[in-house]
Amino acid sequence: MSHHTAYSMAGICAVGGAIGYAKGRSIPSLVAGVGIGAVYCYAGLRIQKNQEYGHELALAASSLLLFAMGPKALRTRAPVPVVMSTLGTASAAYYSKKSYEDRYGV
């Protein structure tokens, strides 16, 4: 079921990048949103097919999202960066737990 979370995060990141582009014509926001969304989508596929490193890939995407949006959220307090960094934190915690469970069979 954790592939649903990855697919949801993929869509949210793509929409977040599109909002960043629509509001400020920020091409880096669009590229980052679509790029991180693509990584989440690939991680979701790997998780769904029970292939190795799906949770770890989703954890990497979550960490990247957190470290990219966290400083901007603290600096600007704008709603989209705050929401994206919060989601990055929550999904990083979730996929850390899932990676631990996969590795140690808990």
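A. Molecular detail of the packing of helix H1 (residues 2-24) against helix H2 (residues 27-48). Running from N to C, H1 and H2 cross one another at 170°; their axes reach a closest spacing of 7 Å. Viewed along their axes, H1 and H2 adopt a mutual orientation that is roughly antiparallel. Contacts between H1 and H2 involve Ser2, His3, Ala6, Tyr7, Met9, Ala10, Cys13, Ala14, Gly17, Ala18, Gly20 and Tyr21 on the former and, on the latter, Ile27, Ser29, Leu30, Gly33, Ile36, Gly37, Tyr40, Cys41, Gly44, Leu45, Ile47 and Gln48.

B. Main features of the pattern of salt bridges. Within the structure shown, the criterion is met by two salt bridges. Salt-bridge contacts for Lys97 lead to Glu101; the nearest nitrogen and oxygen are separated by 2.4 Å. With Lys97 and Glu101 both in helix H4 (residues 79-104) and four residues apart, the pair spans about one turn of that helix. Assessed through its relative accessible area of 49%, Lys97 is described here as partly exposed. A salt bridge links Lys98 to Glu101; its shortest N-O distance comes to 3.6 Å. Of this pair, Lys98 and Glu101 both sit in helix H4, separated by three residues, roughly a single helical turn. Overlapping salt bridges, with partners in common, bring together Lys97, Lys98 and Glu101 in one network.

About the criteria used
- Residues numbered from 1 in each chain as written.
- Predicted model: local features only at pLDDT ≥ 70, side-chain atom pairs only at ≥ 80, totals over all residues.
- Heavy atoms only, no water.
- Axes fitted to C-alpha atoms, helices over the stretch in contact; angles between N-to-C directions.
- Helix = DSSP H or I, 4+ residues; strand = E, 2+ residues; numbered from the N terminus.
- Parallel < 35°, antiparallel > 145°, perpendicular 65-115°, else oblique.
- Contact = heavy atoms within 4.5 Å.
- Salt bridge = Lys/Arg side-chain N within 4 Å of Asp/Glu carboxyl O.
- Buried < 20%, exposed > 50% of the residue type's maximum accessible area, 1.4 Å probe, protein only.

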